[in-house]
Amino acid sequence: QVQLVESGGGLVQAGGSLRLSCVATRSIFSVYTMGWYRQAPGKNRELVARITSGGSTNYAESMKGRFTISRDNAQNKLYLQMNSLKPEDTAVYYCNARIVGTDYWGQGTQVTVSS
C-alpha cells in the first residue's frame, strides 16, 4: 500500500559522507517501523538501521557511531546519514516500511566507497 523511492547514493571516497533519502507515497505517521537495509555483491540483504514511530532506533553493530537513521513524518521521508564510510559499506541500500506485518521495499540506491 506504499511506494518507496530512494535517492542520495553515489560514489564517495573512504572517510567521506553521504545522506540517503527515502520518500513514501503515503503518510508514514502510522507506520510503526521503517528502516534501511543493504545488499553487497554476493551477500544477503542485511539490516543497517531501523526506527519506530516513537523514535526508537536500532543499528547493526558495524554501523553504530557512524550512521544515523531519522524520519520526518510530516514530509513522509526517511533518512540515513552515513559518515566515516568504508569500502566495505559498498552496497545497494534499500528503504523499508513494515505495514501490518508486510514489508515494502524501494528500488534501492547504489553506494560505492573507494579506498
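All values reported here derive from a predicted model rather than from experimental measurement. Along each chain, the written sequence defines residue order, and numbers are assigned to residues from 1. Reporting in this predicted model follows two pLDDT cut-offs: at least 70 for local features of residues, and 80 or more for side-chain atom pairs to be given and counted; totals over whole chains, interfaces and linings ignore these cut-offs and use all residues. Based on all heavy atoms of the structure, the side-chain values leave hydrogens and waters out of the count.

Asker: Go over the sheet that holds strand β7 (residues 67–72) with me, naming the residues and quoting the values.
Answerer: Spatial ordering of the open sheet is given by β1-β3-β8-β7, a layout of four strands whose pairing is antiparallel. Sheet topology places β1 (4–7) and β7 at the edges, where each strand pairs with a single neighbour. Adjacent strand axes in the sheet meet at a mean angle of 15°, parallel and antiparallel pairs treated alike. The sheet contact formed by strand β3 (residues 18–24) and strand β8 (residues 77–82) spans six bridges and is antiparallel. Looking at β8, one finds that Cys22 is bridged to Leu78. Paired strands, as defined in this entry, are two strands with at least two bridges between them according to DSSP. Strands here mean DSSP runs of E at least two residues long; helices mean DSSP runs of H or I at least four residues long; both are numbered from the N terminus. Axis definition: a line fitted to C-alpha atoms, limited for helices to the stretch in contact. Angles are taken between N-to-C directions and run from 0 to 180 degrees.

Asker: If you had to explain the side chain of Asp89 to someone new, which residues and values would you point to?
Answerer: Relative to the elements of secondary structure, Asp89 occurs in the loop between β8 and β9 (91–99). Only protein chains enter the area calculation, which uses a 1.4 Å probe; residues under 20% of their type maximum are buried, those over 50% are exposed, and those in between are partly exposed. Relative accessible area serves as the criterion here: at 1%, Asp89 is assigned to the buried category. At 2.8 Å, the side chain of Asp89 and the side chain of Arg66 are in polar contact. Any pair of residues with heavy atoms lying within 4.5 Å of one another is described as a contacting pair. When near neighbours in sequence (up to four residues on either side) are disregarded, Asp89 contacts Arg38, Arg66, Phe67, Ser84, Val111 and Val113. Distance and chemistry together define a polar contact, namely a pair of N or O atoms within 3.5 Å, with one atom able to donate a hydrogen and the other to accept it when in protein, and with adjacent residues in sequence counting only for side-chain atoms on both sides.

Asker: Please provide a residue-by-residue account of the environment of Val111, values included.
Answerer: Structurally, the position occupied by Val111 is in strand β11 (residues 109–114). Expressed as a C-alpha distance, the spacing of Val111 and Lys77, which sit 34 residues apart in the sequence, is 19 Å. Not counting residues up to four positions away in its chain, the partners in contact with Val111 are Gly9, Gly10, Leu18, Leu20, Met82, Asp89, Thr90, Ala91 and Tyr93.

Asker: A description of the pairing of β11 should follow, citing residues and the corresponding values.
Answerer: Of the two faces of β11, the one holding Thr109, Val111 and Val113 is buried and the one holding Gln110, Thr112 and Ser114 is not buried anywhere. Pairing between strand β2 (residues 10–13) and β11: four bridges, direction parallel. Residue pairing for β11: Gln13 is matched across the bridge by Ser114. Pairing between β9 and β11: three bridges, direction antiparallel.

Asker: Report on the pattern of salt bridges, specifying residues and quantitative values.
Answerer: We count a salt bridge whenever a side-chain nitrogen from Lys or Arg sits within 4 Å of a carboxyl oxygen from Asp or Glu. This structure, assessed with the given rule, holds five salt bridges. As a salt-bridge pair, Arg66 and Asp89 come within 2.8 Å of each other at their nearest N and O atoms. Residue Arg66 is found in the loop between β6 (57–59) and β7, and its partner Asp89 is found in the loop between β8 and β9; the two are separated by 23 residues along the sequence. For the pair shown, Arg66 and Asp89 are each scored as buried. Within the structure, one salt-bridge network assembled from shared partners comprises Arg38, Glu46, Arg66 and Asp89.

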